[in-house]
Amino acid sequence: MSEASLDYANLFAKDLPAGAGRWGGFPKYNFVGGHNNPDEIPVDALAESAVRVLQQEGRGLATYNMNSGPLGYSGLREFLVEKMAHYRGIQASTDEVLITPGSNPAINLLNQVLLEPGDTVIIELFTYQGAANRLRSLKVNLVGIPLDEGGMRMDALAESLENLRQQGVRPKYIYTIPTLQNPTGTVMGMERRHEMLRLSREYGVPIFEDECYSDLIWDGEWPPAIRSLDTSNHVIHVGSFSKSLSPSLRLGYIVAPWEVMSRMLACKNDSGTGALEQMVVADFFQNHYEDHMDTLKASLRHKLEVLVAALNQHFGNAIEFSVPPGGIFLWVKFPEGVDTKKLEAAALREGIAYNPGCEWAADPEAATNYLRLCFALPSDDLIEEGIAKLAQVFHQEAGVP
Ligand SMILES: Cc1ncc(COP(=O)(O)O)c(C=O)c1O
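Residues numbered from 1 in each chain as written. Predicted model: local features only at pLDDT ≥ 70, side-chain atom pairs only at ≥ 80, totals over all residues. Heavy atoms only, no water.

A few words now on the sheet that holds strand E14 (residues 370-374). Spatially, three strands are ordered E11-E14-E13 in an open sheet, and the strand pairing comes out antiparallel. The strands lining the two open edges of the sheet, one partner per strand, are strand E11 (329-333) and strand E13 (355-356). Two strands pair when backbone bridges link them, and E11 and E14 are joined in this way by five bridges, in the antiparallel orientation. The residue of E14 that forms the bridge with Phe-329 is Cys-374. The strands touched by helix H8 (residues 275-315) within the sheet are E11 and E14, with E11 carrying the most contacts at an inclination of about 20°. (Pairing = 2+ DSSP bridges. Helix = DSSP H or I, 4+ residues; strand = E, 2+ residues; numbered from the N terminus. Contact = heavy atoms within 4.5 Å. Axes fitted to C-alpha atoms, helices over the stretch in contact; angles between N-to-C directions.)

Structure below.
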């Protein structure tokens, strides 16, 4: 006789999100998410690093946190301090850097120490879905600031801060992705970086700078991080190894003053970030940062060219986009009235996955006629075929092109 199965429905905590679906594998033409280029995973060099670090320091795996304390493996923090000084102009000590399993857990930690339901956060109007959804699940009010070719618009930010002040609201932070913004790919110039910092000081609102993509600039100006301009602890800086190396390795970091860091550490209850990946990545990047970034960027640039050519060929002037100077995304605008969310299912039936614009916006209505394409994962052939098929689907379902 079979036992009655336990019904968990009555045991679940209140206010849980809807359950996740089972994973059905990647679609053939996969333009979603923030995957990387599989051809540029430096498999041999990573294997060499793994052997080296295990031989040299493997016995440290007997301890929690590799004998390096809760901030993370010291070799990786040392690499980051040097890298941030050299490429982002950031002067930080290893005590101001916390390694996390990807940058999302770092975002969670900062949210945990700063936010309560009903708080307000300022965010770019088109923005990283993961950041916006985290804020929504915390019942935080999002105030979206429009962007233009130069990233978040400072006139709109100033106006919003002033309006909020007049309503007696002090936002908890300004979340920005200034360097290769997700999804728009824009890079905020120096003048705006200084202006944002000035506004942050004037209104007493910290800046939460997410530089997940800043290693991937290949063209034009590469302004230093906003954190590098700050001498008064107004900027908290988060970064990731997901885009410069691998999202599966799960490594990110956050740079914060000790006052904030000590609170985040008290909340970080995961018993430490995996040590082997920290050791391997530290060793690999200490030896190969520049050559790896050069080849990765060249490959991404090439894929972007393939994507742009395919879009021009199959969509012509029915769509608009700005070619970003780096990164892994293209943000594409369709004519008013085309709702990319409604076309998602028809595209998926043809094996094509893209990110509908409404999911990448503080105000979903503002982005219904946009979509985001990640070009890092599919091969040249799959990009070309996928875009040709996408044009057929859009033509059939929405008359575009
Ligand atoms: C702007 C931004 N921040 C943070 C993340 C999180 O990345 P991870 O947790 O893999 O470091 C992403 C991922 O796509 C992102 O686009």
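Here the narrative resumes.
The subject of this paragraph is the site of the ligand. By nearness alone, 14 residues border the ligand, and Ser-103, Asp-210, Tyr-213, Ser-240 and Ser-242 come closest of all. In the environment of the ligand, an oxygen atom lies 2.6 Å from a nitrogen or oxygen atom belonging to the side chain of Ser-242. Measuring from an oxygen atom of the ligand, one finds a side-chain N or O atom of Lys-243 at 2.8 Å. Contact with the protein chains hides 94% of the accessible area of the ligand, taken as 400 Å² for the molecule alone. Tallied by class, residues from the shell around the ligand come to five nonpolar, six polar and three charged. (Near = heavy atom within 4 Å. Polar contact = N/O pair within 3.5 Å; in protein donor to acceptor, adjacent residues only side chain to side chain. Areas by Shrake-Rupley, 256 points an atom, 1.4 Å probe, with all protein chains shown as cover. Nonpolar A, V, L, I, M, F, W, Y, C, P; charged D, E, K, R; others polar.)

Moving on to the sheet that holds strand E7 (residues 173-176). Spatially, seven strands are ordered E2-E10-E9-E8-E7-E3-E4 in an open sheet, and the strand pairing comes out mixed. At either end of the open sheet lies a strand with only one pairing partner, and these are strand E2 (97-100) and strand E4 (141-145). Sheet twist, expressed as the mean angle between neighbouring strand axes with direction ignored, is 20°. Here strand E8 (residues 207-210) runs beside strand E9 (residues 235-240); their pairing, made up of four bridges, is parallel. Across the sheet, Asp-210 pairs through a bridge with Val-238, a residue of E9. Relative to E8, helix H6 (residues 190-203) is tilted by about 150°, and along the sheet it contacts E7, E8 and E9.

What follows covers unusual backbone geometry. The peptide bond linking Asn-182 to Pro-183 adopts the cis configuration, its omega dihedral lying at 15°. Its place among the elements puts Pro-183 in the loop between E7 and H6. For the peptide bond that leads from Val-400 to Pro-401, omega is 0°, which places it in the cis range. Locating Pro-401 in the fold gives a position in the segment after helix H10 (380-398). Although it is not a glycine, Asp-15 adopts a positive phi angle of roughly 65°. When you line up the elements, Asp-15 lands in the segment before strand E1 (29-30). The exposure class assigned to Asp-15 is exposed, which follows from its relative accessible area of 70%. Even without glycine at this site, Asn-233 takes up a positive phi of about 60°. (Buried < 20%, exposed > 50% of the residue type's maximum accessible area, 1.4 Å probe, protein only.)

Across five bridges, strand E3 (residues 120-124) lies against E4 in parallel orientation. Within E4, the position partnered with Ile-122 by the bridge is Val-143. The parallel pair E3 and E4 is bridged by helix H4 (residues 129-137), and the resulting crossover is right-handed. (Right-handed = clockwise from strand over helix to strand, strands pointing away.)

Moving on, we come to the side chain of Gln-181. Residue placement: Gln-181 occurs in the loop between E7 and H6. According to the relative accessible area criterion, Gln-181 is buried, its value standing at 2%. A distance of 2.9 Å separates a polar atom in the side chain of Gln-181 from a polar atom in the side chain of Glu-124. If sequence neighbours within four positions are ignored, Gln-181 has contacts with Glu-124, Phe-126, Thr-127, Leu-147 and Thr-186.

It is worth spelling out the pattern of salt bridges at this point. Enumeration over the complete set of coordinates arrives at 17 salt bridges. For Arg-201, the salt bridge is made with Asp-230, and the minimal N-O distance between the two is 3.9 Å. Taken together, the residues Arg-201 in helix H6 and Asp-230 in the loop between E8 and E9 connect sequence positions 29 residues apart. Assessed through its relative accessible area of 10%, Asp-230 is described here as buried. Measuring nitrogen to oxygen at the nearest pair gives 4.0 Å for the salt bridge that ties Lys-342 to Asp-339. Judged by its relative accessible area of 68%, Lys-342 falls in the exposed class. What makes Asp-339 partly exposed here is its relative accessible area of 21%. (Salt bridge = Lys/Arg side-chain N within 4 Å of Asp/Glu carboxyl O.)

Another aspect to go through is the packing of aromatic side chains. In the structure shown here, the tally under the stated rule is 20 aromatic pairs. Judged by centre distance (5.5 Å) and plane angle (70°), the rings of Tyr-213 and Phe-329 are edge-to-face. Here the residue Tyr-213 occupies a position in the loop between E8 and E9, and Phe-329 occupies one in strand E11, the gap between them amounting to 116 residues. Across this residue pair, the class does not change: Tyr-213 and Phe-329 are buried. An aromatic cluster is present here, built from Phe-79, Tyr-87, Trp-222, Phe-241, Tyr-253, Phe-284, Phe-285 and Tyr-289 joined pairwise through their rings. Between the NZ or CZ atom of Lys-297 and the centre of the ring of Trp-222, over which it lies, the distance is 5.5 Å. Taking NZ or CZ as reference, Arg-372 lies 3.7 Å from the ring centre of Phe-329, over its face. (Phe/Tyr/Trp six-rings, centres within 6.5 Å; stacked < 30°, edge-to-face > 60°. Lys NZ or Arg CZ within 6 Å of the ring centre and 35° of its normal.)

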